[in-house]
Amino acid sequence: MNNLASLKKEYRERIVPALKNEFSYKSVMQVPVLQKIVINQGLGIATADKKIIDVAIAELTGITGQKAVATYSKKDISNFKLRKKMPIGVMVTLRQEKMYEFLERLVRVALPRIRDFRGIESKLDGRGNYTLGIQEQIIFPEINIDNITKILGMNITFVTSAQTDEEGYALLKEFGLPFKNTKKS
């Protein structure tokens, strides 16, 4: 299981048949699939310091292996000293091989490095998608702790083709996401 596409192969060989049996699908095409993983960092503090965006782009690119892009504000908000088209975040969308590679590193390396880790919440969005909030970027081994200027959190959204939360939960559980409470029906 050391090769790059081990999670994709595992999906085809083990997860698809397991979910097909669990939900009584008639065709393998009905089995939910992980479509993309979106990693997003909201950086409101970047309104004061522009270098934070550059650092965040470099860190997120290092973590994911794919170039991250800045996100920009859509309107002026004077209370937050925010002008239209100011950079206020960083995001990257992973698909195909990079998505599976990132998921494998997240489950096997990064999540176990969280202090006092007891699993992740099992609340999905109602349409089979799941967003995981991470407090610190230093759980990823690609980040050099000595070069960190600011601890930044991120949201990791797993977008699936599942129609219900139950199907999405089962898919992500099979991929190895360590949910806290197992809600088996």
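Here the structure is shown first, and the text comes after it.
Attention in this report is confined to the structure presented alongside it. (Residues numbered from 1 in each chain as written. Predicted model: local features only at pLDDT ≥ 70, side-chain atom pairs only at ≥ 80, totals over all residues. Heavy atoms only, no water.)

A word on the layout of surface pockets
Thinking step 1. The calculated volume of the largest pocket comes to roughly 350 Å³.
Thinking step 2. The wall of the largest pocket is formed by 20 residues, among which I114, I134, Q135, E136 and I139 lie closest to the centre.
Thinking step 3. When its residues are assigned to classes, the lining of the largest pocket shows 10 nonpolar, 4 polar and 6 charged. (1 Å grid on protein atoms, 1.4 Å probe; cavity = no way out; pocket = protein on both sides within 12 Å on 5 of 7 lines; lining within 4 Å. Points joined across faces, edges and corners; volume = space filled by probe spheres on them. Nonpolar A, V, L, I, M, F, W, Y, C, P; charged D, E, K, R; others polar.)

Section: the packing of aromatic side chains
Thinking step 1. For the structure shown, the criterion picks out 4 aromatic pairs.
Thinking step 2. Taking the centre distance of 5.7 Å and the plane angle of 15 degrees together, the rings of Y11 and F175 count as stacked. Note that Y11 is positioned in helix 1 (residues 6-23) and F175 in the segment after helix 4 (165-174), a separation of 164 residues in sequence.
Thinking step 3. What makes Y11 buried here is its relative accessible area of 10%.
Thinking step 4. An angle of 20 degrees between the planes, with centres 6.3 Å apart, marks the rings of Y130 and F158 as stacked. Note that Y130 is positioned in strand 4 (residues 130-134) and F158 in strand 5 (residues 154-160), a separation of 28 residues in sequence. Comparing Y130 with F158, the two get one shared label, buried.
Thinking step 5. Among the aromatic residues, those joined into a ring-pair cluster are Y11, Y100 and F175. (Phe/Tyr/Trp six-rings, centres within 6.5 Å; stacked < 30°, edge-to-face > 60°. Helix = DSSP H or I, 4+ residues; strand = E, 2+ residues; numbered from the N terminus. Buried < 20%, exposed > 50% of the residue type's maximum accessible area, 1.4 Å probe, protein only.)

Focus on the pattern of salt bridges
Thinking step 1. For the structure shown, the criterion picks out 2 salt bridges.
Thinking step 2. With a closest N to O distance of 2.6 Å, E10 and R14 form a salt bridge. Of the two residues, E10 and R14 both sit in helix 1, 4 residues apart, roughly one turn of that helix.
Thinking step 3. Residue R14 is classed as partly exposed on the basis of its relative accessible area of 37%.
Thinking step 4. Note that R14 is salt-bridged to E174, the shortest N-O span being 2.6 Å. Within this pair, whereas R14 is found in helix 1, its partner E174 is found in helix 4, the two being separated by 160 residues in sequence.
Thinking step 5. Classification of E174 by relative accessible area gives partly exposed; the value is 22%.
Thinking step 6. Via salt bridges that share partners, E10, R14 and E174 belong to a single interconnected network. (Salt bridge = Lys/Arg side-chain N within 4 Å of Asp/Glu carboxyl O.)

Points about unusual backbone geometry
Thinking step 1. You will see that S24, though not glycine, has its phi angle at about 55 degrees, which is positive.
Thinking step 2. Here S24 lies in the loop between helix 1 and strand 1 (34-42).
Thinking step 3. At Q96, a position not held by glycine, the phi torsion is positive, near 55 degrees.
Thinking step 4. Within the fold, Q96 resides in helix 3 (residues 96-110).

Observations regarding helix 4
Thinking step 1. Along helix 4, the positions that sit buried rather than exposed are E167, G168, Y169, A170, L171 and L172.
Thinking step 2. Contact partners of the buried residues in helix 4: helix 1, strand 1, strand 4 and strand 5.
Thinking step 3. Once helix 4 finishes, G176 follows within two positions and takes phi at roughly 105 degrees, a positive value. (Contact = heavy atoms within 4.5 Å.)

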